[in-house]
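# Structure assessment
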Amino acid sequence: MLVPLNLPSERSDMKISLALLSVPLLVGIWACRDADGAQAPGQVPADPDSFVFADSVRILADLKTLSHDSLEGRRTGTRGGVLAQAFIKAGFEEAGLTAPPAGFLQPFEFSDRRDTTQVTQGANVVGFVEGAEPSLGAIVLTAHFDHLGVRPPRPGTPAEAAGDSIFNGADDNASGIVAVMSLARYFVQHPPRHTIVFAAVDAEEMGLRGAYAFVEGGWPELMAVNVNLDMVSRSDSLLFIAGTHHYPDLRPLMEGVTPRPPVVLRFGHDQRGIEGMQDWTGSSDHRAFHAQGIPFLYFGVEDHPDYHRASDEFEAVDPSFFLNAVRTILVAVKTLDERLDSPLSPIP
Ligand SMILES: [Zn+2]
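Here the structure is a predicted model, which is why all the values come from computation and not from measurement.

Criteria and cut-off values
Residues numbered from 1 in each chain as written. Predicted model: local features only at pLDDT ≥ 70, side-chain atom pairs only at ≥ 80, totals over all residues. Heavy atoms only, no water. Axes fitted to C-alpha atoms, helices over the stretch in contact; angles between N-to-C directions. Helix = DSSP H or I, 4+ residues; strand = E, 2+ residues; numbered from the N terminus. Parallel < 35°, antiparallel > 145°, perpendicular 65-115°, else oblique. Left-handed = near helix turned anticlockwise from the far one by under 90°. Contact = heavy atoms within 4.5 Å. Nonpolar A, V, L, I, M, F, W, Y, C, P; charged D, E, K, R; others polar. Buried < 20%, exposed > 50% of the residue type's maximum accessible area, 1.4 Å probe, protein only. Core = buried A, V, L, I, M, F, W, Y, C linked by side-chain atoms within 4.5 Å. Expected span 1.5 Å × (residues − 1). Salt bridge = Lys/Arg side-chain N within 4 Å of Asp/Glu carboxyl O. Pairing = 2+ DSSP bridges.

## What to know about the packing of helix α3 (residues 79–95) against helix α5 (residues 170–189)
- In contact at an axis separation of 9 Å, α3 and α5 are set at 15° when each is read in the N-to-C sense. Taken together, α3 and α5 sit at an angle that is classed as roughly parallel. α5 is crossed by α3, and the crossing has right-handed handedness. Contact with α3, carried on its side by Phe-87, Ile-88, Gly-91, Phe-92 and Ala-95, involves Ile-177, Val-180, Met-181, Ala-184, Arg-185 and Val-188 of α5 and no other residues of that element.
- Residues of the contact of α3 with α5, tallied by class, amount to nine nonpolar, one polar and one charged.

Quick look at the structure:
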């Protein structure tokens, strides 16, 4: 999320443990085992529950890596940002994504709005799976990988009071990137009807610069819909879908997505004037697509006490919520791929 918000903090430490996996996911894995209880080598389950269970150790390991102190908060233009690009590129290659003609990295630069002599180099990491029916256009999955870097600690959280100056951004937005990388592993093995573009974008925290660079760079096919992930790994229960207020044709499709506990899906955060519910239409990378009239769905959680604090760390993530959020987002993208047949238009 882009908009800084300082909230008083009381971080609840929750240790990552596979024992916290929810029962539905545990049940799912048995469905893809044969009579001997063994899973065929190299097989990627088609069923989303089974797939996410099989991928869960990797998902959590990737989240831990991307939010590690050695990546120094992944600020755009820093060593940590470049390390994050390399990690995501390796993940895309390993998944078997196809690179665009210019390669997986899409470099861009931008100048500071107040001091135009200050130029920052960023790079998006982009790969795709070609669809069986390319005339349907592309589903563009986005998440930003940059975060706030290293900055002086401020009082307000125990971590920063103790001198922690690395803003790891585990939820914001290593979580969205890791979900994108997992879905890449799924869709390479289970080819979609639409082309699916996997775009890990840079410089969101500096004004959605990577998302604008991607949209302005264009894509050879129609961009049918953007699915943006930004903060999807921790919540008491609610995972929001924003965007259907602007693109109501998407709502019945998403109403068919049934989440597993503890995830509860809620529509909202996409219009002004709703008491107690901020309008998130402009608050993350989907804004760059919406500005071009490209329909979007944004998945994210409410701001929490560790939002934009040094305490947004791996240990504060809720693995059960996160894995079930990844599973829910996979089901949502599969639903779009299966049911979206013609271009959508915004409300007049
Ligand atoms: Zn974010």
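Next, the rest of the story.
## Some thoughts on the environment of Val-197
- Looking at the secondary structure, you find Val-197 in strand β6 (residues 195–201).
- Relative accessible area serves as the criterion here: at 0%, Val-197 is assigned to the buried category.
- Each residue touching Val-197, except ones within four places of it in the same chain, is listed here: Val-126, Gly-127, Phe-128, Ala-138, Ile-139, Val-140, Leu-141, Phe-214 and Trp-219.

## Section: the nonpolar core
- Counting 71 residues, the largest nonpolar core has Phe-92, Phe-198, Met-254, Phe-299 and Leu-336 as the members making the most contacts within it.
- Core analysis: the second largest hydrophobic core is formed by 15 residues, Val-140, Val-215, Trp-219 and Met-223 among them.

## A few points about unusual backbone geometry
- Geometrically, the link from Asp-172 to Asn-173 is a cis peptide bond, its omega value of 0° lying close to zero.
- Tracing the backbone through its elements, the reader meets Asn-173 in helix α5.
- For the bond running from Pro-261 to Pro-262, omega is 10°, close enough to zero to count as cis.
- Within the secondary structure, Pro-262 is located in the loop between α7 (250–255) and β9 (264–267).
- The phi torsion at Glu-72 lies on the positive side, around 50°, for a residue other than glycine.
- On the secondary structure map, Glu-72 appears in the loop between α2 (48–66) and α3.
- Positive phi, close to 60°, is recorded for Leu-208, a residue that is not glycine.
- As for its placement among the helices and strands, Leu-208 is situated in the loop between β6 and α6 (209–217).

## Remarks on the side chain of Ser-283
- Mapped onto the fold, Ser-283 is located in the loop between β9 and α8 (286–290).
- For Ser-283, a relative accessible area of 5% puts it in the buried group.

## Concerning α5
- Taking 1.5 Å of rise per residue, the 20 residues of α5 would be expected to cover 28 Å, and the 27 Å separating its terminal C-alpha atoms lies within 8% of that figure.
- The buried count for α5 comes to 18 of 20 residues, which makes it a mostly enclosed element.

## Notes on the pattern of salt bridges
- With the rule as written, the count across this model stands at 15 salt bridges.
- A salt bridge links Arg-193 to Asp-341, with the shortest nitrogen-to-oxygen separation between them at 2.6 Å. One end of the pair, Arg-193, is in the loop between α5 and β6; the other, Asp-341, is in the segment after α9 (319–339), with 148 residues separating them in the sequence.
- With its nearest N and O atoms 2.9 Å apart, the salt bridge here joins Asp-306 to Arg-234. With Asp-306 in the loop between β10 (296–300) and α9 and Arg-234 in the loop between β7 (223–229) and β8 (238–242), the pair connects residues that are 72 residues apart, well separated along the chain. With respect to class, Asp-306 is no different from Arg-234; both count as buried.
- Linked through salt bridges whose partners overlap, the residues forming this network are Asp-55, Arg-58, Asp-62, Glu-94 and Arg-185.

## Quick look at the pairing of β6
- Extensive coverage of β6 is indicated by the burial of seven of its seven residues.
- Of the two faces of β6, the one holding Thr-195, Val-197, Ala-199 and Val-201 and the one holding Ile-196, Phe-198 and Ala-200 are both buried throughout.
- In this structure, strand β2 (residues 119–129) lies alongside β6, joined through five bridges in antiparallel fashion. Pairing of Phe-128 across the sheet is with Val-197, part of β6.
- Of the strand pairs in this sheet, strand β3 (residues 138–144) and β6 are connected by seven bridges, and their pairing is parallel. Opposite Ala-143, over in β6, you have Ala-200 as the bridge partner.

## Regarding the environment of Thr-335
- Within the secondary structure, Thr-335 is located in helix α9.
- When neighbours within four sequence positions are excluded, Thr-335 is seen to be in contact with Leu-253, Met-254, Val-257 and Leu-340.

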